[in-house]
Each structure stands twice: as structure tokens, then as C-alpha cells.
Amino acid sequence: MRKLTYFVACSIDGFIGAPDGDAQFFIPFVDEEFFEDFLKAEYPETLPTHGRRPLGIDDLENRRFDTVIQGRASYDVALDAGVTSPYAHLREYVASRSLKESPDPHVEIIADDVVGRVRELKAEDGEFGIYLCGGSRLAGALVDEVDELVIKTYPVVLGSGMPMFGSGFDVAEYALDQVRLFKNGVLVRTYSRKR
């Protein structure tokens, strides 16, 4: 069984973006140490293809994931930049009821039963897991399927915005596996789902 990992950036108070979804305020914290020692070294496949190419790291092998799923709002960030396949180095899925046709043959749209489709992906054989890229509503819909959380907490407070899980109240327990602190104040916590 493959794992679904929610690899997410958030504020100290648990928001992944402003109320409109903007998360540009996290970018200044991606300094050399955080980029080189963590993102590039441990999670290179979470870096979008169009960002990897200019950095000369497009040839980095996947370490943890071979598949990505994201919501329509997250996908729109790439589309607004003219990028139709933001994770061309992974199998790409976008959960959307409003996007009727994929703008890219490499990207599969999941219009109905996203939970069922994710269960199918998790049931596949393979050494790599599935990267849940975001957003809030998709994470809320998949909360029961999330096996691992990798929470990159940036040292900012937003007060309000998009929560990590846009879902109703439900208690799901996780075990803390690892904590890592960076000089820039970013704290990365890794949790495994208790089942």
C-alpha cells in the first residue's frame, strides 16, 4: 500500500494561505539552507518542473513520490503562469468539478469520487508514495486517506486564511516521527497516521 503524504507549508497558526489562497509570504523563508539541505536533498520532486529547470536541478531523481494530486485552486497558480504541467516529472492529477477538460495530456482531471481514485492510487504497487500538494478543500476531502503529514511551519502568523484541512470537525490522531528546526525559524514536523 502506497502512502498519501500531505507535504504542506503553513503559518504558526495553521493557515496554508491568505483567504484568497495567496502564499507568497512564505517564499522569503526558502533560503539556501532550507532549499539545499531539505527541499533539494530530501524532497526534490515537490519542486515544480518549471522551477527546477532554471535552477539546473531538473535531473534530480524522485526520492519519495512518483504521483501528485492537487486541487483546482493550486493548479490555477501554475495555469496563471502559463504552465499546464507543473509537475511533469510526476504523474499528475487535479481534483476539479469545474475543469471539464485537461489543458495538458500529462494531467488527469478527477471530477468525481476523488477519495475512490486516491484509494486506487494507494493500492497500486510501487516504492514511491503520493504527494498531496494542496489545497485546503482537497485535503479536507482526503483527510481520512492521509497517511503522513510533513508540515513546514513558517515563522509568521496570519490571523485568518485557508486552513490546512478545509473540513468539518473530526479527530484524527497522528504520531510525531521527526522535528527539524532551521536557522531561518522554519520548523518541519513529520507525523504518521495512527490507524
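What comes next is a walk through the structure. Model, not experiment: these values are computed from the prediction.

Of the regular secondary structure elements, the protein holds 5 helices and 10 strands. By the compact-globule yardstick of 16 Å for 195 residues, the protein fits well, its C-alpha radius of gyration being 16 Å. Taken along its principal axes, the extent of the C-alpha atoms in the protein is 40 × 40 × 35 Å. The 195 residues of the protein split such that 47% are buried. Restricting the contact set of the protein to residue pairs at least 6 apart, pairs at least 24 apart contribute 68%. For the protein, the exposed area adds up to about 10000 Å²; of that, 51% sits on carbon and sulfur atoms. Of the side chains in the protein, 22 bear a positive and 33 a negative charge, and the two mean positions are spaced by 3 Å.

Attention now moves to the sheet that holds strand β1 (residues 4–10). Taken in spatial order, the 8 strands of this open sheet run β5-β4-β3-β6-β1-β7-β10-β9, and their pairing is mixed. Each edge of the open sheet is held by one strand with a lone partner, namely β5 (107–110) and β9 (174–181). Taken over all neighbouring pairs, the strand axes of this sheet differ in orientation by 20° on average, direction set aside. Where strand β7 (residues 148–153) meets strand β10 (residues 187–193), 6 bridges bridge the pair, whose relative direction is antiparallel. Looking across to β10, one finds that Glu148 is bridged to Ser192. Lying over the sheet, helix α4 (residues 114–123) contacts β1, β3 (65–71), β4 (91–95), β5 and β6 (129–134), oriented at roughly 160° with respect to β4.

Conventions adopted
- Sequence positions are assigned chain by chain, starting from 1 and proceeding in written order.
- pLDDT decides what is reported in this predicted model: residues at 70 or higher carry local features, side-chain atom pairs at 80 or more are listed and counted, and totals for whole chains, interfaces and linings draw on all residues regardless.
- Excluding hydrogens and water, the side-chain values take into account all heavy atoms of the structure.
- Each helix is a run of DSSP H or I of at least 4 residues and each strand a run of E of at least 2, with the numbering of both proceeding from the N terminus.
- Only C-alpha atoms enter the radius of gyration; for comparison, a globular chain is expected to reach 2.2 Å times N to the power 0.38, where N is the number of residues.
- The cut-offs for exposure are 20% and 50% of the maximum accessible area for each residue type, with area from a 1.4 Å probe on protein chains only; residues under the lower value are buried, those over the upper are exposed, and the others partly exposed.
- Two residues qualify as a contact provided that any one of their heavy atoms is within 4.5 Å of a heavy atom in the partner residue.
- The Shrake-Rupley method, run with a 1.4 Å probe, gives the accessible areas here. Residue values count only the displayed protein chains as cover.
- By the counting rule applied here, Lys and Arg register as positive and Asp and Glu as negative, while His and the ends of each chain are not counted.
- A single reference atom marks each charge: NZ on Lys, CZ on Arg, CG on Asp, CD on Glu.
- Should DSSP find at least two bridges between two strands, the strands are regarded as paired.
- Note on definitions: angles span 0 to 180 degrees between N-to-C directions of axes, and those axes are lines fitted to C-alpha atoms, for helices only across the stretch in contact.

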